[in-house]
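Working through the structure, step by step
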Amino acid sequence: QVQLVESGGGVVQTGESLRLTCAAPGRLFRSYAMGWFRQAPGKERERVALVTYSGGGTWYADAVKGRFTISRDTANNTVYLQMDALKTEDTAVYYCAAGPWPLRIGREIAYWGQGTQVTVSS
């Protein structure tokens, strides 16, 4: 069952920016931490950025720290991933997820979106 809907992916050049959006049902959004994950072809899905259910705490993978920013808009039941200074290695399908902190795959993930493709070319 799809609980989250991602949008905002696309094809960009290195150094450009994208903002991903994840829309969630209110009951889910206000109850769980949220996170962005990504999966490149032939690779395992990995955590990219997390935000607590209150929005007061965040976590970023080392590979994106300083370039990506996660935030949540409680009024609109939406979580964002602002991606700046994109690199070719950021190319992947990006997924939104919800669940208890720290949202480990196979552990705390309760809901997944269907993903949105981000392609960074040089």
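See the structure shown above.
To start, this report covers the structure provided alongside it.

**Let's talk about the state of the cysteines**
Two cysteines form a disulfide when their sulfur atoms are joined by a covalent bond. By the definition in use, this model includes one disulfide. Here C22 is linked by a disulfide to C96, with a sulfur-sulfur distance of 2.1 Å. Between C22 and C96, the S-S dihedral sits near -85 degrees, and the bridge is therefore left-handed. One end of the pair, C22, is in strand β3 (residues 18-23); the other, C96, is in strand β9 (residues 92-99), and 74 residues separate them in sequence. Grouping residues by exposure puts C22 and C96 together as buried.

**A word on the pattern of salt bridges**
All told, the structure shown has five salt bridges when counted by the stated rule. Between D62 and K65 there is a salt bridge; the shortest N-O distance is 3.3 Å. The burial state of D62 is the same as that of K65; both residues are exposed. Close ionic contact of R104 with E108 constitutes a salt bridge, the shortest N to O distance being 2.6 Å. Among the charged side chains, a salt-bridge network with shared partners connects R38, E46, R67 and D90.

**Here's the deal with the sheet that holds strand β7 (residues 68-73)**
Strand order in the open sheet made by the four strands is β1-β3-β8-β7, with antiparallel pairing throughout. In this open sheet, the two edge strands, each paired with only one partner strand, are β1 (5-7) and β7. On average, each strand axis in the sheet is tilted by 15 degrees relative to the strand beside it, whichever way the strands run. Two strands pair when backbone bridges link them, and β7 and strand β8 (residues 78-83) are joined in this way by six bridges, in the antiparallel orientation. Note on β8: the bridge partner recorded for F68 is M83.

**Side note on the packing of aromatic side chains**
Following the criterion strictly, the structure yields three aromatic pairs and no others. Taking the centre distance of 6.2 Å and the plane angle of 85 degrees together, the rings of Y95 and W112 count as edge-to-face. Taken together, the positions of Y95 in strand β9 and W112 in strand β10 (residues 111-112) put the pair 17 residues apart, joining distant regions of the chain. Classification of Y95 as buried rests on a relative accessible area of 13%. Given the relative accessible area of 26%, W112 is considered partly exposed. In this structure, R45 is placed above the aromatic ring of W112, and the distance from its NZ or CZ to the ring centre is 4.5 Å. Between the NZ or CZ atom of R47 and the centre of the ring of W59, over which it lies, the distance is 4.8 Å.

What counts, and at which threshold
Residues numbered from 1 in each chain as written. Predicted model: local features only at pLDDT ≥ 70, side-chain atom pairs only at ≥ 80, totals over all residues. Heavy atoms only, no water. Disulfide = S-S within 2.5 Å. Helix = DSSP H or I, 4+ residues; strand = E, 2+ residues; numbered from the N terminus. Buried < 20%, exposed > 50% of the residue type's maximum accessible area, 1.4 Å probe, protein only. Salt bridge = Lys/Arg side-chain N within 4 Å of Asp/Glu carboxyl O. Pairing = 2+ DSSP bridges. Axes fitted to C-alpha atoms, helices over the stretch in contact; angles between N-to-C directions. Phe/Tyr/Trp six-rings, centres within 6.5 Å; stacked < 30°, edge-to-face > 60°. Lys NZ or Arg CZ within 6 Å of the ring centre and 35° of its normal.

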